[in-house]
Amino acid sequence: MEYTDFSPLHLDAIREVVNIGAGNAATALSDMLAQPVDMGVPRVELVSIYEVSEHFGSPEDFVAAVYTHAEGAFPCNLIFIQDEEAAQGMVDAMFISRMDTDGRDFPQEMRDSALSELGNIILSSFLNAVSRMIGSDSLSISVPGVAHDMLGAILEFVASIFAQSGELALLVNTTLKLEQEGADIKGNIMMVPDPGALEILLSKLGVL
Amino acid sequence: MEKGQHVGMADTVLVKHPGKLISLGLGSCIGLVLYDETAKVAAMAHIMLPESRKDKDTPKPGKFADTAVPILIDMVLKAGARKERLKAKMAGGSQMFNVPGSKSGFLAVGTRNAEETEKNLKSAGIKLVASDTGGNKGRSVEFSTDDWILIVKTLGTGKQGI
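Summarised in this report is the structure supplied together with it. (Residues numbered from 1 in each chain as written. Chains lettered and ligands numbered in written order. Predicted model: local features only at pLDDT ≥ 70, side-chain atom pairs only at ≥ 80, totals over all residues. Heavy atoms only, no water.)

### Side note on the overall build of chain B
Argument step 1. Scanning chain B from N- to C-terminus turns up two helices and ten strands.
Argument step 2. In sequence order, the secondary structure elements of chain B are arranged as β-β-β-β-β-α-β-α-β-β-β-β.
Argument step 3. A globule of 162 residues ought to have a C-alpha radius of gyration of about 15 Å, and chain B, at 15 Å, matches this closely.
Argument step 4. In terms of overall dimensions, chain B has a C-alpha envelope of 50 × 40 × 25 Å along the principal axes.
Argument step 5. Counting only contacts in chain B whose residues sit at least 6 apart along the sequence, the fraction spanning at least 24 positions is 64%.
Argument step 6. Summed over all atoms, the accessible surface of chain B reaches about 7,100 Å², with 48% contributed by carbon and sulfur. (Helix = DSSP H or I, 4+ residues; strand = E, 2+ residues; numbered from the N terminus. Rg over C-alpha atoms; globule rule 2.2 N^0.38 Å. Contact = heavy atoms within 4.5 Å. Areas by Shrake-Rupley, 256 points an atom, 1.4 Å probe, with all protein chains shown as cover.)

This is the structure in structure tokens:
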């Protein structure tokens, strides 16, 4: 199935999956940080693979991303991506909720490990909700990998996953937001199905 | 970076001297440049995947290593280059995420991109004079016909010319 074949019904079903997944992720993050977390409206867009790396900003923007790969009934790549500054803000919030310090003077490895754990909680909660929706209890998730790099370099990897099947990317993402004094801290969950996996998801949901 | 011709994903772009080719935020992709210093031409491809599917037409031959190399050769030869004088430089092909034990082989696509590009250059008889591939950092590259040097920029570790 080509991405051009997806109907509005299919896209709505995917949007609903993301909505429920992200809702679960927002609750988990909120529990972890002991503060409210808002969730944005999920976006599902078909974009040319060649435009993916510039779709969310300038290719050289400095971002932090946590990546995991889900295996099983719905193999997919899940990425929690945010501006580097926002990632550091979220790590601060995590240390503050646990230790009464923002941990800015902690070693980089410790802060990265906290970021990795945040990403892991967010993405595994997202995936758990998706698993329940499709009646599967066996979606296992890989160890998270963390990158601090250029936005374009991360999104290129996303584009390459879609490039294996054709010329279009189905960009599925939603924003989580922590309200802070000053600037809010935002992060985006991206769901990138492995080639052929979206068909499995849609058929399990009964819309294909 | 300064003004120049941008080479987006799967693009192939030719410049004649004086010209500059730029590709920003290469992750697993490869920025490959072929040039002839005597004819003063250069062309860059932004390669996304190692191998094309032979059963499918490729609207953008720059997308795959095995289709990008022949099209770049064709472009520079048409612009006056001579095959025996052609040189190649490349950068990119990193693995953005390191995930121990993941069953997804796709994470290493950058390594395979670099290997396939090298293999295709070799079988076309083009000399690869410099390369900076692998690792886990994204790169921006810039190639000028003033000095035929490929400048590779990474976040944090700065710039180097190859």
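### A closer look at the overall build of chain A
Argument step 1. Counting its secondary structure elements, chain A contains five helices and eight strands.
Argument step 2. Secondary structure elements in chain A, listed N-terminal to C-terminal, are α-β-β-β-β-α-α-β-β-α-β-β-α.
Argument step 3. For chain A, the C-alpha atoms occupy an extent of roughly 50 × 35 × 30 Å along the three principal directions.
Argument step 4. Split into buried and exposed, the 208 residues of chain A put 57% on the buried side.
Argument step 5. A separation of at least 24 residues holds for 74% of the contacts in chain A among residues at least 6 apart in sequence.
Argument step 6. Taken as a whole, chain A presents about 8,100 Å² of accessible surface, with 50% of it coming from carbon and sulfur.
Argument step 7. Both charge centroids of chain A, one from 9 positive and one from 31 negative side chains, sit 7 Å from each other. (Buried < 20%, exposed > 50% of the residue type's maximum accessible area, 1.4 Å probe, protein only. Lys, Arg positive; Asp, Glu negative; His and termini not counted. Charge placed at Lys NZ, Arg CZ, Asp CG, Glu CD.)

### Notes on the environment of Glu 16 of chain A
Argument step 1. Locating Glu 16 of chain A in the fold gives a position in helix 1 (residues 8-33).
Argument step 2. Remark: the alpha-carbon pair of Glu 16 of chain A and Leu 178 of chain A, spanning 162 residues in sequence, is separated by 22 Å.

### A short note on helix 3 (residues 108-133) of chain A
Argument step 1. Taking 1.5 Å per residue, 26 residues should reach 38 Å; helix 3 of chain A reaches 38 Å between its end C-alpha atoms and fits that length.
Argument step 2. Backbone geometry just after helix 3 of chain A places Gly 135 of chain A at a positive phi near 65°. (Expected span 1.5 Å × (residues − 1).)

### Quick word on helix 1 (residues 65-78) of chain B
Residue and element names in this part refer to chain B.
Argument step 1. With 14 residues, helix 1 should cover 20 Å at 1.5 Å per step; its first-to-last C-alpha distance of 20 Å lies within 8% of that length.
Argument step 2. Residues of helix 1 that are buried make contact with strand 2 (12-16), strand 4 (30-36), strand 5 (41-47) and helix 2 (109-123).
Argument step 3. Phi for Gly 80, located one or two positions after helix 1, is positive at around 110°.

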